[in-house]
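# Coordinates in review
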Amino acid sequence: MEGFTAEIRPNAGPWIRSLGQTISQGIFLTMDYGMPATDLYHPSRSAGTLVSLRSHRRTPDPLQDPGEQDLTSHVNYTELIAEGEKGGLQTLGLADFSSAWTQLAQPLLAGSDALPQKWSRNFQHLTHPGFFGKTHQVLVQGKNLPKDFQPSILKPVTIGPVPGGSVGPSRS
């Protein structure tokens, strides 16, 4: 597309295809910030997603001071899905951090025991929409799994009250 900037990842396809060809059975999780291609290449992102960071702060020029700052860009999950399937992986699902970690933490959140403050703070950071909750995704792929296998990380949840008056997940 004319006037559109996009980052390419020439090693992503071969890497995930080789993974699919190497393992005989199992589950593979890819966790990072990113999105499907339809969202990644939306006109609102015509400048791409490349960001340079130093000490957890954005810097204006990604080419300034090589080796002194981190460069990062969003993952194209559509590419990882397609290339993984070429390598023999089955796509089981894609979920944002908020949904995935809330599902996995459901037994802890529904319990009557108080959770350590540090754990709660970290969980909130991972699941809050303003932090990692909606920007980071978990892609679940597998190979040679039972036909009815459904990873618990992908099961849908609804948010409702839990004992103690806090907000937590419940089965939908």
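My aim in this report is to walk through the structure given alongside it, one point at a time. (Residues numbered from 1 in each chain as written. Predicted model: local features only at pLDDT ≥ 70, side-chain atom pairs only at ≥ 80, totals over all residues. Heavy atoms only, no water.)

## Comments concerning helix H4 (residues 97-110)
Convention followed: Comment: elements are numbered from the N terminus, with helices defined as DSSP H or I runs of at least four residues and strands as E runs of at least two. Expected span of a helix, by definition, is 1.5 Å for each gap between consecutive residues, and there is one gap fewer than residues. Values of bend correspond, residue by residue, to the angle between axes fitted over the seven residues ending at that residue and the seven starting there. For every residue, the accessible area (1.4 Å probe, protein chains only) is compared with the maximum for its type, and the residue is labelled buried under 20%, exposed over 50%, or partly exposed between those bounds. Side-chain atoms alone can form a polar contact between residues adjacent in sequence; in general such a contact is a pair of N or O atoms within 3.5 Å, and within protein one must be able to donate a hydrogen while the other accepts it.
The end-to-end C-alpha distance of H4 is 19 Å, a good match for the 20 Å that 14 residues give at a rise of 1.5 Å each. At Leu104, H4 shows its largest kink, close to 50°, and the proline Pro107 lies no more than four residues downstream. Restricting attention to buried positions, one finds in H4 the residues Phe97, Ser98, Ala100, Trp101, Thr102, Gln103, Ala105, Gln106 and Leu109. The residue sitting at the N-terminus of H4 and contributing the capping side-chain oxygen is Asp96; that oxygen lies 3.2 Å from the backbone nitrogen of Ser98.

## Considerations on the packing of helix H1 (residues 12-22) against helix H3 (residues 77-86)
Operational definition: Every axis corresponds to a line fitted to the C-alpha atoms, with the helix fit spanning only the stretch in contact, and the corresponding angles, defined between N-to-C directions, vary from 0 to 180 degrees. Working rule for angles: under 35 degrees goes down as roughly parallel, over 145 as roughly antiparallel, 65 to 115 as roughly perpendicular, anything else as oblique. Each crossing gets its handedness from the near helix: less than a right angle anticlockwise from the far helix is left-handed, clockwise is right-handed. For this analysis, residues touch if any pair of their heavy atoms sits within 4.5 Å.
For the pair H1 and H3, the least separation of the axes is 7 Å and the interaxial angle reads 40°. Classified by the interaxial angle, the pair formed by H1 and H3 is oblique. The hand of the H1/H3 crossing is right-handed. Between H1 and H3, the residues in contact are Ala12, Gly13, Trp15, Ile16 and Arg17 and Glu79, Leu80, Glu83, Gly84 and Lys86, respectively.

## Things to note about the sheet that holds strand E6 (residues 90-96)
Worth spelling out the cut-off: At least two DSSP bridges between two strands are needed for those strands to be called paired.
The sheet built from four strands is open, its strands ordered E5-E1-E7-E6 with mixed pairing. Edge positions in the sheet fall to strand E5 (75-76) and E6, since each has one partner strand and no second. Taken strand by strand, H4 contacts strand E1 (26-35), E6 and strand E7 (136-143), and its axis lies near 100° from that of E6.

## Some details on the sheet that holds strand E3 (residues 57-59)
In spatial order, the strands read E3-E2-E4; together these three strands make up an open sheet with antiparallel pairing. Each having just a single partner strand, E3 and strand E4 (70-72) make up the two edges of the open sheet. Between one strand and the next, the sheet's axes are offset by a mean angle of 45°, whatever the strand orientation. Of the pairings in the sheet, the one linking strand E2 (residues 51-54) to E4 comprises three bridges and is antiparallel in character. Residue pairing in the sheet places Leu53 in a bridge with Asp70 of E4.

## Looking at the pattern of salt bridges
As a reminder of what qualifies: A pairing counts as a salt bridge when a side-chain nitrogen of Lys or Arg comes within 4 Å of a carboxyl oxygen of Asp or Glu.
This model, assessed by the stated rule, comprises four salt bridges. Of the charged contacts, one joins Arg17 and Glu83 as a salt bridge, the two residues approaching to 2.1 Å between their closest N and O atoms. In this pair, Arg17 sits in helix H1 while Glu83 sits in helix H3, placing the two residues 66 residues apart along the sequence. What makes Glu83 buried here is its relative accessible area of 12%. Between Lys86 and Glu83 there is a salt bridge, with the nearest N and O atoms lying 3.2 Å from each other. With Lys86 and Glu83 both in helix H3 and three residues apart, this pair spans about one turn of that helix. One salt-bridge network, held together by shared partners, links Arg17, Glu83 and Lys86.

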